Amino acid sequence: MAARIIDGKALSKQLRVGFRERVARLVEQGVQPGLAVILVGDSAASKVYVGNKIKACEECGVRSLHIALPADASEAEVLATIERLNADATIHGILVQLPLPAHIQVARVLEAISVHKDVDGFHLYNVGALVTGNSIFPPCTPYGVQLLLDTTGIDVAGQNVVVVGASNIVGKPMGLMLLQREATVTICHARTRDLGQHTILADILIVAAGKPGLIVPEMVKRGAIVIDVGINRLDDGRIVGDVCFDAVKEKASWITPVPGGVGPMTVTMLIENTLRSAERAFK
Ligand code: GUN
């Protein structure tokens, strides 16, 4: 039997209805939630991601401030922009779109963002909070995956979870979040030997490698839940994930499509974190 589809687009839509109500309550109290998005340079992909974030803000009633700096902007300029936004009481979330141009040190930029406005959850303090299970701003993509997993009704405690990809943005925080929920977590990466030997044991397989066609049915346990975080544009223009969807869906119990799975959830959780920040600021 083919897997059931985990519909991230539908869940996002449903969550955003609730967001509009939360924004209305905040506005009633005189607080207009605000998110600042800083984009340095003109990467086409980053522009698309930033555009999606701004659009989601508009849809939910969150004020967005889009700050576009040129590719040759200095690190000092970026830091000064962040300082200004840290001090601005009308801004509840600050996000610097990654990657940054090579002459700018990512760590310095991320550490400059106020931990109270770090809606991406990338500041070292928030990374530490995640490690110890006290996260205020869980990173958006793994946070979205967690909600998608919840829709299947599965209790992740004791499950074998295999995460493919060990990035700071997805793989590592994903593993930590599920460890917090008492899953048995394996994180695989580009240097993992015989990837399939690990993935075949997964009750829950989460793939964030950025490699189209990486996961074939032989690597998937029958009945597994498969979450595809990959977003890859093929030469013919098609957008696909890292999992061979059509074949793997015949083996999995649940699967996320690409597009329409994890992607919309990432942006939705950014709005969730921004609202939470505004609600904290109001209290
Ligand atoms: N680049 C790719 N993913 C992300 C993300 O979640 N946040 C930011 N700021 N940059 C990214």
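About the cut-offs
Residues numbered from 1 in each chain as written. Predicted model: local features only at pLDDT ≥ 70, side-chain atom pairs only at ≥ 80, totals over all residues. UniProt positions renumbered as here; feature names shortened; annotations may be inferred. Near = placed C-beta within 6 Å. Helix = DSSP H or I, 4+ residues; strand = E, 2+ residues; numbered from the N terminus. Nonpolar A, V, L, I, M, F, W, Y, C, P; charged D, E, K, R; others polar. Domains from an automatic or database assignment. Pairing = 2+ DSSP bridges. Axes fitted to C-alpha atoms, helices over the stretch in contact; angles between N-to-C directions. Contact = placed C-beta atoms within 7 Å. Buried ≥ 20, exposed ≤ 12 C-beta atoms within 10 Å, placed from the backbone.

The protein carries the name Bifunctional protein FolD in an unreviewed UniProt entry, which gives Leptothrix cholodnii as its organism. Per UniProt, the protein carries the Function (unreviewed entry) text "Catalyzes the oxidation of 5,10-methylenetetrahydrofolate to 5,10-methenyltetrahydrofolate and then the hydrolysis of 5,10-methenyltetrahydrofolate to 10-formyltetrahydrofolate." Word for word, the UniProt comment on the protein under Subunit (unreviewed entry) is "Homodimer."

What follows covers the site of the ligand. Every residue close to the ligand is listed here: Leu95, Val96, Gln97, Leu98, Asp120, Cys140, Thr141 and Ile169. Among the elements of the structure, strand E4 (93-96) and helix H6 (140-151) are those that each provide at least two residues to the shell around the ligand. When the residues that make up the shell around the ligand are grouped by side-chain class, the tally is 5 nonpolar, 2 polar and 1 charged. Two domains each put at least three residues into the shell around the ligand: domain 1 (30-114) and domain 2 (140-263).

A separate point is the sheet that holds strand E3 (residues 63-69). Across the sheet, 3 strands lie side by side as E3-E2-E4; this open sheet has parallel pairing. What marks the edges here is a single partner per strand, and that holds for E3 and E4. If you compare each strand with its neighbour and ignore which way they point, the axes differ by 15° on average. Strand direction decides the pairing type here: strand E2 (residues 34-40) and E3, joined by 7 bridges, are parallel. Bridged to valine 37 within E3 is histidine 66. Together, E2 and E3 form the strand contacts of helix H2 (residues 44-60), whose direction differs from that of E2 by roughly 170°. On the sheet, helix H3 (residues 75-86) packs against E2, E3 and E4 and is oriented at approximately 180° with respect to E2.

Right, let's talk about unusual backbone geometry for a bit. Of note, the bond from leucine 98 into proline 99 is cis; its omega dihedral lies within 30 degrees of zero at 0°. Tracing the backbone through its elements, the reader meets proline 99 in the loop between E4 and helix H4 (106-112). Here glutamate 182, not a glycine, exhibits a phi torsion of approximately 70°, which is positive. Tracing the backbone through its elements, the reader meets glutamate 182 in the loop between helix H7 (171-180) and strand E6 (184-188). A positive phi angle, close to 45°, is found at aspartate 194, a residue other than glycine. Residue placement: aspartate 194 occurs in the loop between E6 and helix H8 (195-199). What makes aspartate 194 exposed here is the crowd of 10 C-beta atoms within 10 Å.

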